[in-house]
Amino acid sequence: VLSIDDHRLPLLSVIYNISGAGPLFEPADMPGLASLTAGMLREGTKTKTSVQIAEQVAQFGASLSASSGFGSAVAAVSASGLSDNFDQWFALAKDVMLNPAFSTAELDRLKARMKVGLTQQRTQPGFLLSERFNRAVYGDHPGAVISSTAASLDKMTPETLRKWHSERYTPQNAILGITGDVKASELLPKLEKALADWKKTDLKEVLPPNPKALTAKKIYIVDRPGSVQTNLMMGNITVDRRGPDYIPLQVLNHVLGGGAAARLFVNLREEKGYTYGAYSSFTSLKYPGPWRAYADVRTDVTDGAMTEFVKEIQRLGTQPVPEKELEDAKRSLVASFALGLESPNTALNYAILRKIYGYPLDFWDTFPAKITAVTSADVVRLAKKYYSVDAMQIVAVGDASKIKSVMEKYGPVEVYNTDGMKSSN
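Summarised in this report is the structure supplied together with it. The shown structure was predicted, so the numbers you read here are calculated from the model rather than taken from an experiment.

1. Quick word on helix α16 (residues 400–407)
Taken together, the buried positions of α16 are occupied by Ala-400, Ile-403, Val-406 and Met-407. The arc that holds the buried residues of α16, viewed along the axis, is 135°, so those residues lie on one side. Of the residues in α16, the exposed ones pointing more than 90 degrees away from the buried face are Ser-401, Lys-402 and Ser-405. Where α16 is buried, its residues touch β6 (218–223), β7 (229–237), α11 (302–318), β10 (393–398) and β11 (413–416).

Listed below in structure tokens is the structure:
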């Protein structure tokens, strides 16, 4: 249990972070099981219908949600409300989390809505880009999966969800974070009483083998005939969040594409006018995730955009970052971190992250100093190590008849259709 007092307003926020209950552990033939289970929590308990739950949430002036995002090891149940009726809405949140009914009728309704969403997302170039990129960099690792399928939804019954819930929603793998108008001395006895019947099991979180960076460049095109733009993304696997390179990689990313002052944005938007914005990011969890550089550009400037992407990524590993540019990037990161601490919910999230990753007690206290200590030599070293243009995976979503010849300049090309199937084109 992590508690942060903040008595400025008569409000409280609660989050259960339940490791081992996320999509990372789903059976390979049931993508979406974890997110569907989380989505069903509000759709009725053993004593309340979904309508009654919604009415009580409104009556208490509270909020209540549950989620489990693809690629994650956790399911999260969040609730917030006034401190003076905390006992009531906290009891409702507990009931929703621990006693879901998984009614057949509610499940069928939710699956029908989700299937409509599955059809719609295949019309979205951003989804197609992420789907193909994740499959490219993660391979067989479950981090490759970003969506359920109609077939997987059809396999899921109330019994499937009950089994997942009873096995995975366990207290020994949970962190309960609370922030707001509360005193820990008064809170803990309430929690011990309220959660006494949540019994631990022998389940331990066992992560799948880590994905590894690819060593050969490959290009993937998702063909959208008639598209007037090309959605580009490129990258490769880096590190997990506990590695020594995690913090300096944040600085590298900020220099490359962390905002409107970063190199990709200035080059591709401000100087060339190819796009509304070009960015980079990198993902690090309990397992190594990828760096990404990405932009949506007009079809006719796909060639020029790729040239500039490659130039900027190569420059990171061959030229020292000028002192002012590096200092500006570091100051921006530190300022953003400090501003986030003004929010009790963000501060609570940092405390939860410290527990999840086993960071030392002073990790966040020393975080600004670690950012400030990153040097230009660190950036060059890490760019050479992780940002090789000769090994990155490149995905382009657009009209293959117009962009295939451009993308073939960078390596062997595979073409897929919008259903995710390999094409003979």
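Let's pick the thread back up.
2. Quick look at the environment of Ile-178
Secondary-structure assignment places Ile-178 in strand β5 (residues 174–180). Sequence-wise, Ile-178 and Val-14 are 164 residues apart; in three dimensions their C-alpha atoms are separated by 4.5 Å. Once you skip the residues sitting within four places of it in the chain, Ile-178 turns out to touch Leu-2, Ser-3, Ile-4, Leu-12, Ser-13, Val-14, Leu-187, Leu-191 and Leu-348.

3. Digging into the side chain of Ser-19
For Ser-19, the position within the fold is in strand β2 (residues 11–19). Ser-19 sits in the buried class, given a relative accessible area of 10%. Residues within four places of Ser-19 in sequence aside, it is in contact with Ala-73, Val-74, Arg-168, Asn-173, Glu-205 and Lys-286.

4. Digging into the pairing of β10
Of all six residues in β10, six are buried; the element is thus mostly enclosed. A two-sided burial pattern is seen for β10, the buried positions comprising Gln-393, Val-395 and Val-397 on one face and Ile-394, Ala-396 and Gly-398 on the other. Sheet analysis places β6 next to β10, joined by six bridges and oriented parallel. Bridge pairing in β10 links Ile-221 to Ala-396.

Procedures and definitions
Residues numbered from 1 in each chain as written. Predicted model: local features only at pLDDT ≥ 70, side-chain atom pairs only at ≥ 80, totals over all residues. Heavy atoms only, no water. Buried < 20%, exposed > 50% of the residue type's maximum accessible area, 1.4 Å probe, protein only. Helix = DSSP H or I, 4+ residues; strand = E, 2+ residues; numbered from the N terminus. Arc of directions from axis to C-beta. Contact = heavy atoms within 4.5 Å. Pairing = 2+ DSSP bridges.

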